[in-house]
Amino acid sequence: MDDASTLIDVKEYPDTEVQKNRVLTLEEWREKWVDGKIGFHQEQGHQLLKKHLDTFLKGKNVLRVFFPLCGKAVEMKWFADRGHCVVGVEISELGIREFFTEQNLSYSEEPIMEIPGAKVFKSSSGNISLYCCNLFDLPRVNIGKFDRIWDRGALVAVNPGDRKCYTDIMLSLTRKGFRYLLAVLSYDPTKHPAQTVEERRNGWP
Ligand SMILES: C[S@@+](CC[C@H](N)C(=O)[O-])C[C@H]1O[C@@H](n2cnc3c(N)ncnc32)[C@H](O)[C@@H]1O
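Let me begin by describing the structure that accompanies this report.

Cut-offs used in this document
Residues numbered from 1 in each chain as written. Predicted model: local features only at pLDDT ≥ 70, side-chain atom pairs only at ≥ 80, totals over all residues. Heavy atoms only, no water. Phe/Tyr/Trp six-rings, centres within 6.5 Å; stacked < 30°, edge-to-face > 60°. Buried < 20%, exposed > 50% of the residue type's maximum accessible area, 1.4 Å probe, protein only. Helix = DSSP H or I, 4+ residues; strand = E, 2+ residues; numbered from the N terminus. Lys NZ or Arg CZ within 6 Å of the ring centre and 35° of its normal. Near = heavy atom within 4 Å. Polar contact = N/O pair within 3.5 Å; in protein donor to acceptor, adjacent residues only side chain to side chain. Areas by Shrake-Rupley, 256 points an atom, 1.4 Å probe, with all protein chains shown as cover. 1 Å grid on protein atoms, 1.4 Å probe; cavity = no way out; pocket = protein on both sides within 12 Å on 5 of 7 lines; lining within 4 Å. Sits in = over half its atoms within 2 Å of the grid points. Arc of directions from axis to C-beta. Contact = heavy atoms within 4.5 Å.

### Describing the packing of aromatic side chains
Taken as a whole and judged by the stated rule, the model has 8 aromatic pairs. Consider the rings of Trp-33 and Phe-40, whose centres lie 5.7 Å apart with planes at 65°: the pair is edge-to-face. Look at Trp-33 and you get buried, because its relative accessible area is 4%. Measuring from ring centre to ring centre gives 6.2 Å for Phe-56 and Phe-79, while their planes differ by 80°; the resulting arrangement is edge-to-face. Residue Phe-56 is located in helix H3 (residues 47–57), and its partner Phe-79 is located in helix H4 (residues 75–81); the two are separated by 23 residues in the primary sequence. With respect to burial, Phe-56 and Phe-79 carry one shared label: buried. Members of the aromatic cluster, joined through ring pairs, are Phe-99, Phe-100, Tyr-107 and Phe-121. The lysine or arginine in question, Arg-64, covers the ring of Phe-146, its NZ or CZ lying 4.4 Å from the ring centre. In this structure, Arg-148 packs its charged tip against the face of Phe-56, placed 5.9 Å from the ring centre.

### A closer look at the site of the ligand
Of all residues adjacent to the ligand, which total 15 residues, the nearest are Leu-69, Glu-90, Asn-134, Leu-135 and Arg-152. Between the ligand and the protein, one listed contact pairs a nitrogen atom with a backbone N or O atom of Ile-91 at 3.0 Å. A distance of 2.7 Å separates a nitrogen atom of the ligand from a polar atom in the backbone of Arg-152. Across the complex, the protein chains shield 96% of the 600 Å² of accessible surface that the ligand would expose by itself. Of all the cavities here, the one that holds the ligand is the second largest pocket. In terms of residue count, the dominant contributor to the shell around the ligand is helix H2 (residues 26–34) (3 residues).

### A look at helix H5 (residues 93–102)
Since the α-helix packs 3.6 residues into each turn, any two residues three or four apart lie on the same face. Considered for burial, the residues of H5 that qualify are Gly-95, Ile-96, Phe-99 and Phe-100. Buried residues of H5 fall within an arc of 135° about the axis and therefore sit on the same side. Looking at the packing, one finds that the buried side of H5 touches H2, H4, strand S3 (107–111), strand S4 (119–123) and strand S5 (128–132). The backbone nitrogen of Leu-94 has a side-chain oxygen 3.3 Å away, supplied by the residue at the start of H5, namely Ser-92. Asn-104 lies just past H5 and shows a positive phi near 55°.

Limitation: the analysis is restricted to geometry and does not speak to function.
What follows is the structure, given as structure tokens:
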């Protein structure tokens, strides 16, 4: 995908009024992790990614793979185990720590100088780096360009008003020959009631 307009057409559904209240704050995301309300997490990983992984990798070695809004996605380990370099961003420090603990990976942490209060967690093997910060602050840090982006539960979790900024950041992180794989549901919001903030707090669609 080479063009931002093919990434997502934010004008696809003019009645985005229906969705405008679907807003979660960063604090609410952090609370979800603390309360264990992480129905979005898939312990076995995404089965379609598993099925199409070789096609996605296109036989290449040592790719740089970006996971926006990564949570503790087990797929990060799949790529690292194949020798690729994984970078993720996640606002919940708890989620990041759970990733390393559950995957039996030792890690170190250090502050991100460009973003006060933020940290980066790195696997001891050196090929997984998870930035604990707001995705929208990430452009302040030079994390390089990527060959692959796996976007599951990321674009869809961004508040509708932030989608343009989100896609701009994603495209700024890509390099020649990149592949961007997006797992998403397309639906007409006028035919389905929007979730209330309370419903979204309690789980995942
Ligand atoms: C729906 S979950 C998806 C997690 C992961 N991609 C997966 O497939 O399991 C969205 C994640 O993004 C995190 N998040 C939400 N907004 C964020 C932001 N602006 N910056 C960084 N992380 C964010 C949440 O804490 C949550 O873990």
